[in-house]
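Chain by chain, the residues run as shown.
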Amino acid sequence: MSLVDEILKFNKHFIATKEIDYDIHDTKSSKLPSKELAILTCMDTRLVNFLEDAMNIGRGEAKVVKVAGNCISGPFDSVVRSLLVCIYELGVKEILVIGHHECGMAKTTSKNLTEKMLARGIKQEVIHMIQHELEHWADGFQHPEENVVETVEALQMNPLIPHDVVVHGLMFHPRTGEIISIVDGYKSIK
């Protein structure tokens, strides 16, 4: 049985038994985040169903954008575009940039990724087209805390994000669940 088959089989059981407490007729849950909050965090598997629980964030309360290393690569990259939808279409007033200890991006390099891409059949000419961006992204991430600060600053300085949107920076520990503040957005409102 394939992974997708397993997921679909479980889903039939899920729908039939409703063992997990989700009410399909819940009118208070909406596409609008009730806490007016967007979270930009890492895609690390250890954060799934742990980060939100550690923050007491439930279904329907926040928009969560996950990307490797909670990085943004430019003023209008896909992460920023998602945050713009959160702000202008969904009423988000605060953004939490949440990095985490033991982040794999700190050990990722453009050289390592390039070697693995070549080994999987990606042509050198294709890699050459993205080489500069790949180096900037992969080699620029060394320390998760510094990355959070840099991401917060980039969002705060982004002319597309209104001055009244507060951007905070936090660090999460994927084994203990501890969260600490490293950038207090209230103190640095644009």
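It should be emphasised that the depicted structure is a prediction, and the values quoted were computed from it without experimental measurement. (Residues numbered from 1 in each chain as written. Predicted model: local features only at pLDDT ≥ 70, side-chain atom pairs only at ≥ 80, totals over all residues. Heavy atoms only, no water.)

Quick word on the pattern of salt bridges
- For the structure on display, the rule yields five salt bridges.
- As a salt-bridge pair, K111 and E115 come within 2.9 Å of each other at their nearest N and O atoms. On the criterion of helical spacing, the pair formed by K111 and E115 is a turn pair, its members being four residues apart in helix α4 (residues 110-119).
- Under the relative-accessibility criterion, E115 is labelled partly exposed at 44%.
- Shared partners join several salt bridges into a network, and the residues in it are D44, R46, E102 and R175. (Salt bridge = Lys/Arg side-chain N within 4 Å of Asp/Glu carboxyl O. Helix = DSSP H or I, 4+ residues; strand = E, 2+ residues; numbered from the N terminus. Buried < 20%, exposed > 50% of the residue type's maximum accessible area, 1.4 Å probe, protein only.)

Thoughts on a negative patch on the surface
- Residues E145, E146, E150 and E153 make up a contiguous surface patch of negative charge.
- In this structure, E146 sits in helix α6 (residues 144-157). (Patch = residues over 30% accessible without salt bridge, like charges linked within 9 Å, V, L, I, M, F, W, Y side chains within 5 Å. Areas by Shrake-Rupley, 256 points an atom, 1.4 Å probe, with all protein chains shown as cover. Lys, Arg positive; Asp, Glu negative; His and termini not counted. Charge placed at Lys NZ, Arg CZ, Asp CG, Glu CD.)

Thoughts on the UniProt feature "binding site: Zn(2+)" (unreviewed entry) in the protein
- Per the UniProt record, "binding site: Zn(2+)" (unreviewed entry) is found at C42, D44, H100 and C103. Sequence-wise these annotated residues cover 62 residues; spatially they are packed, their C-alpha atoms never more than 8.9 Å apart.
- Among the residues examined, C42 registers a relative accessible area of 5% and is labelled buried.
- Apart from the residues lying within four places of it in its own chain, the contact partners of C42 are L47, K66, V67, A68, G69, N70, I98, H100 and C103.
- Position of C103 among the secondary structure elements: in the loop between β3 (94-100) and α4.
- Leave out the neighbours within four places in its chain, and C103 touches C42, G69, F141 and P144. (UniProt positions renumbered as here; feature names shortened; annotations may be inferred. Contact = heavy atoms within 4.5 Å.)

Things to note about the pairing of strand β5 (residues 179-183)
- Inspection of the sheet shows strand β4 (residues 166-172) paired to β5 by four bridges, in the antiparallel sense. Of the residues in β5, the one forming a bridge with F172 is I179.
- The turn joining β4 and β5, which pair antiparallel and follow one another in sequence, is formed by six residues; a positive phi near 85° is taken by G177. (Pairing = 2+ DSSP bridges.)

Description of the packing of α4 against helix α5 (residues 124-140)
- Two elements in contact, α4 and α5, have axes separated by 9 Å at closest approach and are oriented at 150°. By the angle between their axes, α4 is roughly antiparallel relative to α5. When the axes of α4 and α5 are compared, the crossing they make is right-handed. Taking contact as the criterion, the partners of S110, L113, T114, M117 and L118 in α4 are, on α5, Q124, I127, Q131, L134, E135, W137, A138 and D139.
- Considered class by class, the residues forming the contact of α4 with α5 number seven nonpolar, four polar and two charged. (Axes fitted to C-alpha atoms, helices over the stretch in contact; angles between N-to-C directions. Parallel < 35°, antiparallel > 145°, perpendicular 65-115°, else oblique. Left-handed = near helix turned anticlockwise from the far one by under 90°. Nonpolar A, V, L, I, M, F, W, Y, C, P; charged D, E, K, R; others polar.)

Brief notes about the nonpolar core
- L40, L83, I95, V97 and L155 are the most contacted members of the largest nonpolar core, which has 21 residues in total.
- Top element by residues in this core is helix α3 (residues 78-88). It accounts for six residues.
- Discounting chain neighbours no more than four positions away, the residues touching I95 are A38, L83, I87, L155, V165, V166, V167 and H168.
- Core analysis: the next-biggest nonpolar cluster, separate from the first, contains 17 residues, I39, C42, C71 and F141 among them. (Core = buried A, V, L, I, M, F, W, Y, C linked by side-chain atoms within 4.5 Å.)

As for the packing of aromatic side chains
- According to the stated counting rule, one finds two aromatic pairs in the structure shown.
- Where F10 meets F14, the ring centres are 6.2 Å apart and the plane angle is 35°; that geometry is what we call tilted. Of this pair, F10 and F14 both sit in helix α1 (residues 3-17), four residues apart, which is roughly one turn of that helix.
- The exposure class assigned to F10 is partly exposed, which follows from its relative accessible area of 48%.
- Residue placement shows R81 over the ring face of F76; its charged tip is 5.3 Å from the ring centre. (Phe/Tyr/Trp six-rings, centres within 6.5 Å; stacked < 30°, edge-to-face > 60°. Lys NZ or Arg CZ within 6 Å of the ring centre and 35° of its normal.)

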